Amino acid sequence: MHFSRALQKARKGLDVHMYVTDVDSLIVQYLNRRGVKGFRFTGFELKNMNPRSALVNGKVKVNGKQYEGHRMFALQAGIDFYYLVNLGQEFLVWNVANTPVSFDWYGHGSAHDYYAFVHLDDVIRVPAQELPETLRFLLWRR
């Protein structure tokens, strides 16, 4: 809900049309159209995370297999695909296509899993109240 409202605020006053859908639908629509052909596709993955579990040794960690899929799609389709990690008071934002990432197994017990790690120096840290302005710039450079 917060993200949808931020997107609506981001496009306020701009003569742009926007259609919001889940990422699975985005991929299917892109493949059905065999490319963008007049449409601008931008992917977003929003994660609501606790800072204690999201931040490890100066890096943010997210699901590795999911990240690999999103990154592969973004690179092959040539679209922007942003990860947004909501930590409550701030969002961490980055484009998967041009942000360095490493993958590794991490954690103990049921938390042991394959993760993608992105260094905090490579992400944009956005106070929650400034998310609409950041999205406006990322999407429309205004």
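Higher on the page you've got the structure.
These figures come from a predicted structure and were not determined experimentally.

Moving on to the pairing of strand 6 (residues 102-106). If a strand is regular, its side chains alternate between the two faces of the sheet. Pairing between strand 6 and strand 7 (residues 113-119): five bridges, direction antiparallel. Paired with Tyr106 across the bridge in strand 7 is Asp113. In sequence, strand 6 turns back onto strand 7 through a hairpin of six residues, with Gly107 there showing a positive phi of about 105 degrees.

Judged by how many residues are buried, helix 5 (residues 131-140) sits mostly within the fold: seven of 10 residues are covered. When helix 5 is considered as a whole, its buried residues turn out to be Leu131, Pro132, Thr134, Leu135, Leu138, Leu139 and Trp140. Positive backbone phi, at 55 degrees, marks Arg141, one or two positions downstream of helix 5.

Right, let's talk about the sheet that holds strand 4 (residues 80-86) for a bit. Pairing between sheet strands relies on hydrogen bonds along the backbone, with the strands arranged either parallel or antiparallel. Pairing is mixed across the open sheet formed by four strands, whose spatial order is 1-4-5-8. The sheet terminates laterally at strand 1 (42-48) and strand 8 (124-127), the two strands that pair on one side only. Across the sheet, the axes of successive neighbouring strands diverge by a mean angle of 25 degrees, strand direction being ignored. Each of strand 1, strand 4 and strand 5 (90-95) is contacted by helix 4 (residues 64-77), which is oriented at about 150 degrees to strand 4, the strand it contacts most.

Conventions and cut-offs
- Residues numbered from 1 in each chain as written.
- Predicted model: local features only at pLDDT ≥ 70, side-chain atom pairs only at ≥ 80, totals over all residues.
- Heavy atoms only, no water.
- Pairing = 2+ DSSP bridges.
- Helix = DSSP H or I, 4+ residues; strand = E, 2+ residues; numbered from the N terminus.
- Buried < 20%, exposed > 50% of the residue type's maximum accessible area, 1.4 Å probe, protein only.
- Axes fitted to C-alpha atoms, helices over the stretch in contact; angles between N-to-C directions.
- Contact = heavy atoms within 4.5 Å.

Honestly, it's all geometry; don't read function into it.
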